[in-house]
Amino acid sequence: MMCFKKEECRKIYLARRASLSFFQKKTKSKEICQKILKLPHWQKAKTVMLYVAYRNEVDTAALIKQALKTDKNLLLPKVEKKEIVPYSINSFPEDVAPGYKSILEPIAHRCRHWQGSMDIIVVPGCAFDFQGNRLGYGLGCYDRFFKKINPSALKIGLTYEVCLVSRLPVEAYDEKVDIIVTEKQIIKIKRHLKT
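The following refers to the structure shown. (Residues numbered from 1 in each chain as written. Predicted model: local features only at pLDDT ≥ 70, side-chain atom pairs only at ≥ 80, totals over all residues. Heavy atoms only, no water.)

So, the pairing of strand 10 (residues 154-158)
At step 1: Of all five residues in strand 10, five are buried, a share of seventy percent or more.
At step 2: Burial along strand 10 is two-sided: the face carrying Leu154, Ile156 and Leu158 and the face carrying Lys155 and Gly157 are both buried.
At step 3: One ladder, built from four bridges, connects strand 7 (residues 120-123) with strand 10; its direction is parallel. Each residue of the ladder has a partner; that of Ile121, found in strand 10, is Lys155.
At step 4: In this structure, strand 10 lies alongside strand 12 (residues 179-181), joined through three bridges in parallel fashion. Paired with Leu158 across the bridge in strand 12 is Val181. (Buried < 20%, exposed > 50% of the residue type's maximum accessible area, 1.4 Å probe, protein only. Helix = DSSP H or I, 4+ residues; strand = E, 2+ residues; numbered from the N terminus. Pairing = 2+ DSSP bridges.)

Some points on the pattern of salt bridges
At step 1: Applying the stated rule across the entire model yields ten salt bridges.
At step 2: Salt-bridge contacts for Glu175 lead to Lys147; the nearest nitrogen and oxygen are separated by 2.8 Å. Here Glu175 is found in the loop between strand 11 (164-165) and strand 12, whereas its partner Lys147 is found in helix 5 (residues 141-148), with 28 residues between them in sequence.
At step 3: A residue is classified by how much of its surface remains accessible, and Lys147, at 49% relative accessible area, is partly exposed.
At step 4: We note a salt bridge from Lys155 to Asp178, for which the minimum N-O separation is 4.0 Å. One end of the pair, Lys155, is in strand 10; the other, Asp178, is in the loop between strand 11 and strand 12, and 23 residues separate them in sequence.
At step 5: Overall, Lys155 belongs to the buried group, its relative accessible area being 10%.
At step 6: Through salt bridges with shared partners, one network takes in Lys6, Glu171 and Asp174. (Salt bridge = Lys/Arg side-chain N within 4 Å of Asp/Glu carboxyl O.)

Description of the packing of aromatic side chains
At step 1: Scanning the model with the defined rule gives one aromatic pair in all.
At step 2: Judged by centre distance (6.0 Å) and plane angle (50°), the rings of Tyr142 and Phe146 are tilted. Remark: Phe146 and Tyr142 occur in helix 5; sequence separation between them is four residues, near one turn of the helix. The residues Tyr142 and Phe146 share a single accessibility class, namely buried.
At step 3: Note that Lys155 overlies the ring of Phe146, its terminal NZ or CZ placed 5.4 Å from the centroid. (Phe/Tyr/Trp six-rings, centres within 6.5 Å; stacked < 30°, edge-to-face > 60°. Lys NZ or Arg CZ within 6 Å of the ring centre and 35° of its normal.)

Note that all results are geometric; they support no functional claim without further evidence.
Quick look at the structure:
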């Protein structure tokens, strides 16, 4: 299915995602996280930025726990003045609280604002396409954030298979991800990436 306006696409794919049962979301999220944990990129990474799932997004709790357990520098995003600011956290869920739009975010006074480099950034989205394009929620927070970070950071988009499409509408400022992971497959956008 091809939609030509982002707003139209957003409604379609958010509805698709919402139509999944609790059990389906839980099972598919678990399968997606297991695929990530097996990636050599993840295994070698020292600093990873994840997100805390919100409104039917792929649940990353297993990745968060594993990152803490294996002593990776774990970063979570906090939205400050419509910009993403990464904070390093030491424990979960103790170091997070509801923030922007009630999304769980790092508690600023308990966590450290991270200004170093990152090896992996895992991002949510309403939908992704096979070219690595991401349909976000309309604020452009991740697009602006990607422009500021070190280009060597590997950007991984997580989505359910029902929200993976052949082509999304794209605008000039939209930033791509390098890998997309669904419950069924791993799609490498950058051709030089090895699994």
